[in-house]
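Given next are the chains, with one letter for each unit.
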Amino acid sequence: AAPPAREGNLVYIRDAAQRGFADGQLDRLKEFAEAREDPEAREELLFEGHDSGLVRRYLYQEVERRYPDVATEKRPGNVIACVVFPKAERARRAEAEREARVEAARARTGARRIFQAVRDACRERNLPLVGHNCLFDVLFLLEHFEAPLDPSYEKRPSGTFPPVPFLQ
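These notes cover the structure that comes with them. Keep in mind that this is a model prediction, so the values were computed, not measured. (Residues numbered from 1 in each chain as written. Predicted model: local features only at pLDDT ≥ 70, side-chain atom pairs only at ≥ 80, totals over all residues. Heavy atoms only, no water.)

## Brief notes about the sheet that holds strand 3 (residues 43-46)
For step 1, the next point in the chain: In space, the three strands of this open sheet follow the order 3-5-4, with antiparallel pairing throughout. Single-partner strands in this sheet number two, and they are strand 3 and strand 4 (70-75). Averaged over neighbouring strand pairs, the angle between their axes works out to 25 degrees when direction is ignored.
For step 2, the next point in the chain: Sheet topology note: the strand 3/strand 5 (residues 79-84) ladder contains four bridges and is antiparallel. Looking at strand 5, one finds that Leu45 is bridged to Cys82.
For step 3, the next point in the chain: Relative to strand 3, helix 1 (residues 16-35) is tilted by about 160 degrees, and along the sheet it contacts strand 3 and strand 5. (Pairing = 2+ DSSP bridges. Helix = DSSP H or I, 4+ residues; strand = E, 2+ residues; numbered from the N terminus. Axes fitted to C-alpha atoms, helices over the stretch in contact; angles between N-to-C directions. Contact = heavy atoms within 4.5 Å.)

Here's what the structure looks like:
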């Protein structure tokens, strides 16, 4: 079987039976969304379970694209729950999601902050960074936390790191 068609990060289903199943579930969601009476009530619709990960990925993708106010939750048996939350709950969930993204970004930049703190402390006190056989360690730090190294890395990137006497 051919791999799923992709355009950017979007997933498309080529298999007619799988596409029919997914379209049927999305039609049910459309009817559910149109029939809602109380916009402040928490309501949910359960999609039928499907064994294909591709179909589930497509359903998650399409619910997110077509219905931004509908959250999806994974349930046992490959079932997807489409949940509509009251406005206050949507705002709380959006804020929690934003905080999680910020925390993830902080975690990814943690090592860089340590590197910068050591560099700045050495600069402020006009202290050299001294190490034994640490040339490759310093080059690794520069490459991964500052910027790609100049092809001729023997040129010390001035201003990037305090003076480093390389002891052999």
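## Focus: the pattern of salt bridges
For step 1, the next point in the chain: Applying the stated criterion to the full structure yields eleven salt bridges.
For step 2, the next point in the chain: Across the pair Arg42 and Glu44 runs a salt bridge whose closest N-O atoms are separated by 3.3 Å.
For step 3, the next point in the chain: With a relative accessible area of 45%, Arg42 lands in the partly exposed category.
For step 4, the next point in the chain: Of the residues examined, Glu44 reaches a relative accessible area of 32% and is grouped as partly exposed.
For step 5, the next point in the chain: Its salt-bridge partner being Glu73, residue Arg75 comes within 2.7 Å of it at the nearest N-O pair.
For step 6, the next point in the chain: Salt bridges sharing common partners tie together Arg42, Glu44, Glu73, Arg75 and Arg93. (Salt bridge = Lys/Arg side-chain N within 4 Å of Asp/Glu carboxyl O. Buried < 20%, exposed > 50% of the residue type's maximum accessible area, 1.4 Å probe, protein only.)

## Points about the nonpolar core
For step 1, the next point in the chain: With 17 residues, the main nonpolar core has Leu29, Phe47, Leu59 and Val63 as its most contacted residues.
For step 2, the next point in the chain: Of all the elements in the fold, those that place two or more residues in this core are helix 1, helix 2 (53-66) and strand 5.
For step 3, the next point in the chain: Per-element accounting of this core gives the leading share, five residues, to helix 1.
For step 4, the next point in the chain: If we ignore the near neighbours within four places in the chain, the residues touching Leu29 are Leu45, Phe47, Val63, Tyr67 and Cys82. (Core = buried A, V, L, I, M, F, W, Y, C linked by side-chain atoms within 4.5 Å.)

## Things to note about the side chain of Ser52
For step 1, the next point in the chain: Positionally, Ser52 belongs in the loop between strand 3 and helix 2.
For step 2, the next point in the chain: We classify Ser52 as buried; its relative accessible area is 15%.
For step 3, the next point in the chain: Of the polar contacts made by the side chain of Ser52, one reaches the backbone nitrogen of Leu54; its length is 3.3 Å. (Polar contact = N/O pair within 3.5 Å; in protein donor to acceptor, adjacent residues only side chain to side chain.)

## Describing the layout of surface pockets
Regions of empty space are outlined by a rolling probe, equal in size to a water molecule, passed over the atoms.
For step 1, the next point in the chain: Taken as a whole, the largest pocket holds about 290 Å³ of empty space.
For step 2, the next point in the chain: Contributing to the lining of the largest pocket are Pro68, Asp69, Val70, Ala71, Phe85, Arg90, Arg93, Ala94 and Glu97.
For step 3, the next point in the chain: The greatest single-element share of the lining of the largest pocket, amounting to four residues, is contributed by helix 3 (residues 87-124).
For step 4, the next point in the chain: Each residue belonging to the lining of the largest pocket can be placed in one class, and the counts come to five nonpolar, no polar and four charged. (1 Å grid on protein atoms, 1.4 Å probe; cavity = no way out; pocket = protein on both sides within 12 Å on 5 of 7 lines; lining within 4 Å. Points joined across faces, edges and corners; volume = space filled by probe spheres on them. Nonpolar A, V, L, I, M, F, W, Y, C, P; charged D, E, K, R; others polar.)

## Re the environment of Glu44
For step 1, the next point in the chain: Note that Glu44 resides in strand 3.
For step 2, the next point in the chain: Between the C-alpha atom of Glu44 and that of Val70, which follows or precedes it by 26 residues, the distance is 9.0 Å.
For step 3, the next point in the chain: Once residues within four sequence positions are removed from consideration, Glu44 is found in contact with Phe32, Arg75, Cys82 and Val83.
For step 4, the next point in the chain: In this structure the side chain of Glu44 is engaged in a polar contact, spanning 3.1 Å, whose partner is the side chain of Arg75.

## A look at helix 1
For step 1, the next point in the chain: The terminal C-alpha atoms of helix 1, which comprises 20 residues, lie 28 Å apart, in line with the 28 Å expected from a rise of 1.5 Å per residue.
For step 2, the next point in the chain: Contacts made by the buried residues of helix 1 are with strand 3, helix 2 and strand 5.
For step 3, the next point in the chain: N-cap assignment for helix 1: the residue whose side-chain oxygen lies 3.2 Å from the backbone N of Ala17 is Asp15. (Expected span 1.5 Å × (residues − 1).)

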